[in-house]
Amino acid sequence: MHAFMRTLTSGLPGNELKWLKQGAKESNRSLESLVKRRLAHEPIQYILGTEPFGDLDLLCRAPVLIPRPETHWWTAALAEYLPKTNKRFAEHFAGPTSRTLSLLDLGTGSGCIPILLCHLWPKGSIVATGIDISQHAVSLANENATLCGISRSTFKAALADFLDPAFPNAETINPPYDILTSNPPYITADEYLHLDDDVANFEDPTALIGGSDGLQYYRDIANLISRDGFLSSDAVIALEVGHSQADVVSDMIHSKGFNTDIWRDPWGKKRTVIGHRR
Amino acid sequence: MATPEDVARLRQLKETEPLQVAWDDWTSTRKVLEDMTPLLNDPDPAMKALASEEASELDQKLSNILKETLPSLLVPPSTTANLSALVELKSGVGGTESSLFLATLLRMYMRFSQSNSWQATVVADNENEGGGIKDAIVEIKGVGAYDALRWESGVHRVQRVPATESGGRVHTSTVAVIVLPLIEEKDAQKEELYSMDDIKLEVMRARGAGGQHVNKTESAVRLTHIPTGITVSMQDERSQHQNRRRAFQVLSARLMDQKITREIAQRRATKNNLIKSADRSEKIRTYNYAQERVTDHRIGFSVMNLTSVLEGDALQEFTDRLRQDFEETAMEDMLNSES
Ligand SMILES: C[S@@+](CC[C@H](N)C(=O)[O-])C[C@H]1O[C@@H](n2cnc3c(N)ncnc32)[C@H](O)[C@@H]1O
C-alpha cells in the first residue's frame, strides 16, 4: 500500500477498510475514491450500495434511510410473534384461509419492514402495502422487493402522505388492515442539530425529524388507527420509537382503545410499542 | 510390531469385507512363504538364490499388509473422515516477523487446499500494522480435509533472516495453528454439541441512543457457551446474521474438537499404554530458510525443499506421513489392548 493510502486509511476502523476494499474490487472502482468518500463521512452503506437486513441484502441509495439493526431486530421478532397473537391469525398462518391478511407500512423507506415479513412468512399469507412521501423511497422499496423475489401482488410501495387528512380515502390504500407497522421519523428538532455528520449530511431529514418534540407522527398515527374502518377489529400494530419515547407513545395508543406492550431491543432500549385492539 | 497371533485376534475385531480380503491376502501370502521355506536350503545355489529373492519379496508384502493395509482398514471407522476443517492461525513470538510468516503459512494452506480440490475461504483475519496478518481463520470445505490437516495443529517455527534485519541475524519466530473439525449446521444439532439454553449471545457495541440516531455499521457478535466458558467473537462481515452464523460454526468446531479429544482420551485411559502427547503448545515443525529445510519433530522427518512445502506441494509428504504415523499408533494401541 502506498504511504499516501496508508495515511488516508488510518482514520478508518479495520473492518470498514476491508469492506471498502471488497467493494472496490467487486465494482471496479478505485479504493482511493471510496476511502475518500468514507472519510468525508458518507455512510458505508451508500458507498457500497447495500445493507444486510437479516439474511436479505437490501439496496441503499441516498437519501433514503439506511435500515437500522434495531428495526431488523423487532421486525424479525414480530414475524415470530404475530402468528401466535390471536386465534384468527394463528389459524391463518397454520394454513390457507379464505382471506389473506393485509398489512400497511407507513413511511416504508427502503421497504425493509414489509419485505422482511413477506420473506419470513409463508408465501401467500399476507398482502402488504408500503407508502412513503418520497419518490426515491417508493422506487427503492419496489426495487428491493423485486430483488428479494417478492412479487408486486404480495408487496407494493406507493406514493402517499399519511399526515394528509384525506389519507384514509387515498386510492393507493385499501383498508381495513389487519397489521399496521411503522418506523416513523422520531428525532426531535433539537437532537437533529447534534447528530453525527454521517447521519445528518446524508440521510433525508424528512425521514428523521418527527417535529419539535419528535412525537408528531405518533399523534397522527393514533388518530388514524381510531378512524372507523381503517383497521380490522382484531388488528395488531407495531411502532418503532426513539430511545425515550416508548411510554408516551404507549399511552397515546392505549387511549385509542388498544392494549399495549413495550419491547426492549438487544441494546437495552425500549424500542417497539405493540398494540392490540381491545 | 504385531505378531501373527495379534493379527489372528484382529480377525474377530472387525468382520468387514475389505478386511476379510486383506486378511485372506495375508494368510495366503504367508502360506506361500511357509511352503517355500524348504527351498531356502536347496542344495542348488541357483534355486536357493531364486527362493531367497522371492521370500524377501513376500516378506515385504506381508509387512506392507501389516503396516499399511490393515491399519487403514482398522483404524477406527473414522468418524471424522467426512469432515471439513476450520484452521485457526495465531502469531506467536517474533512480532511482525511472526505475522509475515503467518501470511506465508496461510497461503500454503490455501494452495494445499486448492490442489486437493477443497474449497478454502478466509472467514476472519486481522492485518498486522507493520505487515503480515496477526490472526486468521480459514474454512476448508471438502471430504477428508480435517483428517488430512488435523496433524497440523501445534506451533510452527520459522528460522530466517527477516527482510527488515540489516545485520543479517537469524531470527526465530512462531505461529500457532489449530485445526478443528468443521461440521454442518444440521449435523451440529444431531451431535447435540450444545443446547441453546447454554448460550449467551451478545451484540457488541455501544449504540448510544441507537435507532434512527445512528447509522454506523456494527455487526459484531459474541457467543459464550456457559458450561465450557468458550467464547467466540465474530465481526468480519457487515451482516450480523452472517457473523452469528460464523460464530456458531466456530463454537461447534471447538466443541466437536473437545468431544473428539475426550473420546480419544477415554479410549486410551482404559489401557495402560503411553498417551502420545497432543499438546498444542508443542513445537511440531521448523521451517529453516538458510538450509531450505522443513523438519517435523514428531516423526523426525525432513524435506529439503522448503519452497515446495510453502507452495503447498511438498506439504502433502508431511500430511501423508503424519496420518500414517497416527494409524500405526492407533493400530498398536488396539493390538496392545486386546490382551
Ligand atoms: C425513519 S424512516 C423509516 C424508513 C423504513 N421504514 C425503515 O425502517 O428503515 C421514515 C420514512 O417515513 C417517510 N415519511 C416521512 N413523512 C412522511 C409522510 N408524511 N407520509 C409518508 N411518508 C413519510 C420518510 O420519507 C421515510 O422514508
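Bear in mind that the values here come from a model prediction, so they are computed numbers and not experimental data.

Residues and elements named next belong to chain A. Following Ala62, the chain continues into Pro63 via a peptide bond in cis, with omega recorded as 5°. By the element assignment, Pro63 lies in the loop between β2 (56-59) and α5 (69-81). Here the amide bond leading from Pro175 into Pro176 is cis, since omega sits at 0°, within 30 degrees of zero. Take Pro176: it is sitting in the loop between β5 (155-159) and β6 (177-182).

As annotated in UniProt, the feature "domain: Release factor glutamine methyltransferase N-terminal" (unreviewed entry) corresponds to residues 28-49 of chain A in the numbering used here. In the segment residues 28-49 of chain A, helix accounts for 64% and strand for 0%; the C-alpha atoms at its two ends are 14 Å apart.

Quick look at the site of the ligand now. In the vicinity of the ligand lie 22 residues, with Asp132, Asp161, Asn183, Ala207 and Tyr217 of chain A positioned nearest. Per-site note: the chains with residues close to the ligand are chains A and B. Between the ligand and Thr108 of chain A there is a distance of 3.2 Å, counted from a nitrogen atom to a backbone nitrogen or oxygen. Between the ligand and the protein, one listed contact pairs a nitrogen atom with a side-chain N or O atom of Asp161 of chain A at 2.8 Å. Taken by itself the ligand offers 590 Å² of open surface, and the protein chains cover 99% of this. Mapped onto the shell around the ligand, the elements with two or more residues apiece are α7 (112-120) and β4 (126-132) of chain A. Its residues assigned to classes, the shell around the ligand shows 12 nonpolar, eight polar and two charged.

This part takes up the domain arrangement of chain A. Assigned domains within chain A: domain 1 (1-40) and domain 2 (51-277). The C-alpha centroid of domain 2 of chain A is placed 35 Å from the C-alpha centroid of domain 1 of chain A.

With that out of the way, let us pick up the side chain of Gln159 of chain B. Looking at the secondary structure, you find Gln159 of chain B in strand β4 (residues 154-160). Among all residues touching Gln159 of chain B, those that are not within four sequence positions of it are Val170, His171, Thr172, Thr286, Tyr287, Asn288 and Tyr289 of chain B.

All names here are of chain B. Annotation of chain B at the domain level lists domain 1 (4-74) and domain 2 (84-332). Summarising the inter-unit geometry, the C-alpha centres of domain 1 and domain 2 are found 42 Å apart. Facing eight residues of domain 1, the contacting portion of domain 2 comprises four residues. Each partner contributes to the roughly 410 Å² buried at the junction of domain 1 and domain 2, and carbon and sulfur atoms together form 70% of this total. Among the residues of domain 1 in contact with domain 2, Lys67, Glu68 and Pro71 are the three that bury the most area, contributing 65% of the side total. On the surface where domain 1 and domain 2 come into contact, there are zero salt bridges. On inspection of domain 1 and its partner domain 2, the count reaches zero residue pairs in polar contact (both at pLDDT 80 or more). Counting residues per element, the side of domain 1 that touches domain 2 draws most heavily on helix α3 (residues 45-74), which supplies seven residues. Residues of the side of domain 1 that touches domain 2, tallied by class, amount to five nonpolar, one polar and two charged.

All right, on to the packing of helix α2 (residues 14-27) of chain A against helix α3 (residues 31-39) of chain A then. All names here are of chain A. Closest axis-to-axis distance for the α2/α3 pair is 9 Å, and the angle between their directions is 135°. Accordingly, the angle class assigned to the pair α2 and α3 is oblique. Relative to α3, α2 is oriented so that their crossing is right-handed. The residues of α3 that touch α2, namely those facing Glu16, Leu17, Leu20, Lys21, Gly23 and Ala24, are Leu31, Leu34, Val35 and Arg38. Of the residues that constitute the contact of α2 with α3, the class distribution is six nonpolar, one polar and three charged.

Looking now at helix α12 (residues 246-254) of chain A. Residue and element names in this part refer to chain A. Taken together, the buried positions of α12 are occupied by Ala246, Val249, Ser250, Met252 and Ile253. Relative to the axis of α12, the buried residues are bounded by an arc of 160° and lie together on one face. Packing partners of the buried residues in α12 comprise α11 (216-225), β7 (231-240), β8 (258-264) and β9 (270-277).

A few words now on the pattern of salt bridges. All names here are of chain B. Enumeration over the complete set of coordinates arrives at 30 salt bridges over all chains. Salt-bridge contacts for Asp25 lead to Lys61; the nearest nitrogen and oxygen are separated by 3.3 Å. Of this pair, Asp25 sits in helix α2 (residues 17-36) while Lys61 sits in helix α3, and the two are 36 residues apart along the sequence. Salt bridges sharing common partners tie together Glu152, Arg285, Asp296 and Arg298.

Moving on, we get to the pairing of strand β2 (residues 119-127) of chain B. All names here are of chain B. Relative to strand β3 (residues 133-141), β2 runs antiparallel, the two being bridged by eight bridges. Residue Val122 lies in a different strand from β3, and its bridge partner there is Val138. From the end of β2 to the start of β3, which pair antiparallel, there are five residues, and Gly131 there has a positive phi angle of about 125°.

Here Arg150 of chain B is to be found in the loop between α5 (145-149) and β4. For Arg150 of chain B, the contacting residues outside a window of four places in its chain are Thr80, Val179, Ile260, Ile264 and Phe326 of chain B.

This next bit is on the interface of chain A and chain B. Contact with chain A, which involves 35 residues of that partner, is made by 22 residues of chain B. The tally of links from chain A across to chain B stands at four salt bridges. In this structure, the salt-bridge partner of Glu127 of chain B is Lys21 of chain A, at a minimum N-O distance of 3.4 Å. Where chain A packs against chain B, one counts 21 residue pairs in polar contact (both at pLDDT 80 or more). Those elements giving two or more residues to the side of chain A that touches chain B turn out to be α2, α4 (44-48), β1 (50-53), α5 and α10 (197-200) of chain A.

What counts, and where the lines are drawn
Residues numbered from 1 in each chain as written. Chains lettered and ligands numbered in written order. Predicted model: local features only at pLDDT ≥ 70, side-chain atom pairs only at ≥ 80, totals over all residues. Heavy atoms only, no water. Helix = DSSP H or I, 4+ residues; strand = E, 2+ residues; numbered from the N terminus. UniProt positions renumbered as here; feature names shortened; annotations may be inferred. Near = heavy atom within 4 Å. Polar contact = N/O pair within 3.5 Å; in protein donor to acceptor, adjacent residues only side chain to side chain. Areas by Shrake-Rupley, 256 points an atom, 1.4 Å probe, with all protein chains shown as cover. Nonpolar A, V, L, I, M, F, W, Y, C, P; charged D, E, K, R; others polar. Domains from an automatic or database assignment. Contact = heavy atoms within 4.5 Å. Buried area = accessible area lost by both parts, 1.4 Å probe. Salt bridge = Lys/Arg side-chain N within 4 Å of Asp/Glu carboxyl O. Axes fitted to C-alpha atoms, helices over the stretch in contact; angles between N-to-C directions. Parallel < 35°, antiparallel > 145°, perpendicular 65-115°, else oblique. Left-handed = near helix turned anticlockwise from the far one by under 90°. Buried < 20%, exposed > 50% of the residue type's maximum accessible area, 1.4 Å probe, protein only. Arc of directions from axis to C-beta. Pairing = 2+ DSSP bridges.

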